[in-house]
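If you want the building blocks of each chain, they are given just below.
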Amino acid sequence: MPRKPALHGDALIGTCIELLQVLSDSPTQTAPFAQTATLLQVSEDQLTSAVDTLCGLAHRQSGARVAVFIEDDTISLLGDVATFHAIRLSLQEGMVLAHVLNLLNIDASVRERVERAMLSLETVDATPQPDTIGSVSIYGRFYQQIEIAIQDCVRLILTYRSSNDTAPRPRTVDPLAIKQDRDAAYLIGWDVEKDAQRLYRLDRIDNVAYTDDSVEIHPWENASIQQSLTAGALKATVSFPSKETLEQAGWAGIADTDGDADQNGRVRATVYIADEEWLFDRVLGSGGQIIIESPSDLRQRLVEYAHRLASRIS
Amino acid sequence: MTKTPTPPAGREVQQSARENDRQDAVHRILNLLFILNASRIPLTTSQILDDEELGYSATKRESAMKQFKRDRQKLESLGIVVAEVKERGASEREESSWAIDQERTHAVPRLITADDADLLAKALTDHLLSPGLPYRRPLEHIVAKLTSARGLTPPDLPGLLDASQDNVLEAVWTAFSLRLKLTFEYENARGEATKRTVCVYGLFSVKGVSYLAGLDEKSSQVRTFRIDRIQRVWKPKGTYAIPADFDVTDFLFFTFDFEGASSTPAAFSFPASVPRAEIEAVTHGRGTLAPHADGVRWDIDVRDLDAAAGFCLEHSQMGMTPLEPPLLIDCWRNRISKAVQAHA
């Protein structure tokens, strides 16, 4: 990693102010040196130069000075003359926070308290600005309720639509944690009726209700999302029109590719599929560009699925 | 007559003098903050300008006043509001006094409950795990401020894998937040590199990739650029304003947004049994959703009907079906037919 340049100008001013805030907000007015450098996104040399800069500040008339020093890997601020507590978020930071709270569907009362506490007063009372920060919501409508249940160890009734269901249905679930990948956010939970660990996509949850029961202890498996989605999955060989198409697909179940492209530029890959209709949708969506090479019965079921689909529209 | 170039030694002296001026400015601004913060009563203009420790007194009064004003503006840009304080009934000729406006400057963490703080710290940290966030840096900053303000231990935040992308993201965010034009070297999907200058109007991510949308000076059009294809950035400069009617949601693109000069209205349906959140995740909040027959209808303009048919087929499992125009349905049937032929 290349050495970071010395701080100067606005960067140095900003770092000094943030350092004072971190120290002032600590009950002991101290902070671990290395962790503070990481928190402030500066190198240790840059943090040291910020401490040196602060040490040079003084008020001649009162004789007050900033007393901050580094000892035994800890930065300390002495006295209260230099304490400077957290400042409100900037306008743009406020926009990011508002966007993320909206994405996560955090309820209005929490949002209002946070905005009153943290946003610049001009932002809180201002007319709405153009929407300039965006992302696709993958968290569904119940992130907050689920996260609270996880923290409080409360058993849930989830009304959930799995990929095989035509409509959502209720399940009793002990929630463990929320994880996410590129395309979706999932609740790792224990299906009480099935007595097994499951992944639930947050955007497929239609309702969440708290029960009066607490979660029980379960033999959780610490699997990645990819491992969880493909555990016990069907194995297939799929060919793509090019290496680029394969890479752009970004499927979680692709285990390995079959070497270089053939004479037609096609590339084969071994794919593990938990849900064959998911694969069928992608094959049909490609208009014949992506092809299931094996097993043959999977190819046959694709054709049957395609016929059923085509009959949706008479 | 050719101009005699400044000898190297003279240039070094000039650079050294500029560096000293910058250091002096840093010291002066921080010291101004310190004395205002430390003082229990507002300080008068004279008390501030005549303080030798600060450094205003070395210049002429008028210059010192202008410098003081610029320093207040600098502090305000960092969120610290220095307000003029005048006693009620004071005459206009009386000297101004200055103090930090506590209400406008400082956060009020006591308004956030402990449960709020726990939920937010977890939620924002969870969201930081999303790949390709264009606003990663300010979000880390927000998490740090929130936890610090509540006296909580800051969470261990996941680091970016690519340090060079870190610098690019920071430059993009700085340009966007300060509304300064960003000049960068961009490599497109074909590997061709061009230099662009863009007024960044919006930042967004789709499928784990971050993008910026903005007015491209080269084409005079609003374009979208993948941030991970930016190879090099220059210091942002030149201000601009974002048009009031700009909406970044319009840029959360689909595969059917890219071909063709004109767009065609298209409609799709979803069964009523599909959770609304799932439909919204698929539709990106674009177009319009309305009740239809025994389900939900999604109306959206598309540029490529064939790609739109492919998109619809990829979501067949959730019951997505094409409704209009007839050509869209033909493309949909055609794709199914070709896939069946490839597996016959």
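Residues numbered from 1 in each chain as written. Chains lettered and ligands numbered in written order. Predicted model: local features only at pLDDT ≥ 70, side-chain atom pairs only at ≥ 80, totals over all residues. Heavy atoms only, no water.

**Quick word on the UniProt feature "domain: WYL" (unreviewed entry) in chain B**
Right, on to step 1. In the numbering used here, UniProt assigns the feature "domain: WYL" (unreviewed entry) to residues 168-233 of chain B.
Right, on to step 2. From the first C-alpha to the last, residues 168-233 of chain B spans 7 Å; its make-up is 17% helix and 58% strand. (UniProt positions renumbered as here; feature names shortened; annotations may be inferred. Helix = DSSP H or I, 4+ residues; strand = E, 2+ residues; numbered from the N terminus.)

**Quick word on the pattern of salt bridges**
Opposite charge on two side chains lets them pair, provided their charged atoms get close.
Right, on to step 1. By the definition in use, this model includes 30 salt bridges over all chains.
Right, on to step 2. With a closest N to O distance of 3.8 Å, Glu-62 of chain B and Lys-66 of chain B form a salt bridge. Note that Glu-62 of chain B and Lys-66 of chain B are positioned in helix α3 (residues 61-77) at a spacing of four residues, about one turn of the helix.
Right, on to step 3. The class of Glu-62 of chain B is exposed, set by a relative accessible area of 57%.
Right, on to step 4. Of the charged contacts in the structure, one is a salt bridge between Glu-192 of chain B and Arg-190 of chain B, with a shortest N-O distance of 3.3 Å.
Right, on to step 5. Residue classification places Arg-190 of chain B among the exposed residues on the basis of a relative accessible area of 67%.
Right, on to step 6. Taken together, the salt bridges that share partners define one network made up of Glu-147 of chain A together with Lys-122 and Asp-126 of chain B. (Salt bridge = Lys/Arg side-chain N within 4 Å of Asp/Glu carboxyl O. Buried < 20%, exposed > 50% of the residue type's maximum accessible area, 1.4 Å probe, protein only.)

**A few points about the packing of aromatic side chains**
Right, on to step 1. This structure, assessed with the given rule, holds 24 aromatic pairs over all chains.
Right, on to step 2. Arranged with centres 5.3 Å apart and planes meeting at 75°, the rings of Trp-251 of chain A and Trp-278 of chain A form a pair that is edge-to-face. Here the residue Trp-251 of chain A occupies a position in the loop between α9 (243-249) and β13 (254-257), and Trp-278 of chain A occupies one in helix α10 (residues 276-285), the gap between them amounting to 27 residues.
Right, on to step 3. The cationic tip of Arg-72 of chain B hangs over the ring face of Phe-68 of chain B; the distance from NZ or CZ to the ring centre is 4.5 Å.
Right, on to step 4. Cation over ring: Arg-72 of chain B sits above Trp-98 of chain B, and NZ or CZ is 4.0 Å from the ring centre. (Phe/Tyr/Trp six-rings, centres within 6.5 Å; stacked < 30°, edge-to-face > 60°. Lys NZ or Arg CZ within 6 Å of the ring centre and 35° of its normal.)

**Description of the confidence of the model for chain A**
Right, on to step 1. Summary statistics for chain A give a mean pLDDT of 87 and a share of 93% for residues scoring 70 or more.
Right, on to step 2. Per-residue pLDDT, averaged within each element of chain A, yields its smallest value for helix α8 (residues 225-230) of chain A (69) and its largest for strand β7 (residues 154-160) of chain A (96). (pLDDT = per-residue confidence, 0-100.)

**Structural notes on the sheet that holds β7 of chain A**
Residue and element names in this part refer to chain A.
Right, on to step 1. What the five strands build is an open sheet, ordered β10-β9-β8-β7-β11; its pairing is antiparallel. Two strands bound the open sheet, and with one partner strand each, they are β10 (196-201) and β11 (205-214). Sheet twist, expressed as the average angle between the axes of neighbouring strands with direction ignored, equals 45°.
Right, on to step 2. With seven bridges connecting them, strand β8 (residues 169-180) and strand β9 (residues 185-191) associate as antiparallel partners. Note on β9: the bridge partner recorded for Ile-178 is Leu-187.
Right, on to step 3. Along the sheet, helix α7 (residues 143-152) contacts β7, β8, β9 and β11; its crossing angle with β8, the most-contacted strand, is approximately 85°. (Pairing = 2+ DSSP bridges. Axes fitted to C-alpha atoms, helices over the stretch in contact; angles between N-to-C directions. Contact = heavy atoms within 4.5 Å.)

**Things to note about the UniProt feature "domain: WCX" (unreviewed entry) in chain A**
Right, on to step 1. The UniProt feature table records "domain: WCX" (unreviewed entry) at residues 261-310 of chain A.
Right, on to step 2. Within residues 261-310 of chain A, the helical portion is 50% and the strand portion 22%, while the C-alpha atoms at the span's ends are 32 Å from each other.

**Some points on the sheet that holds strand β2 (residues 82-85) of chain B**
Residue and element names in this part refer to chain B.
Right, on to step 1. Taken together, the three strands give an open sheet; going across it, the order is β1-β3-β2, and neighbouring strands pair in antiparallel fashion. Edge positions in the sheet fall to β1 (43-44) and β2, since each has one partner strand and no second.
Right, on to step 2. Across two bridges, β1 lies against strand β3 (residues 97-100) in antiparallel orientation. The residue of β3 that forms the bridge with Thr-44 is Ser-97.

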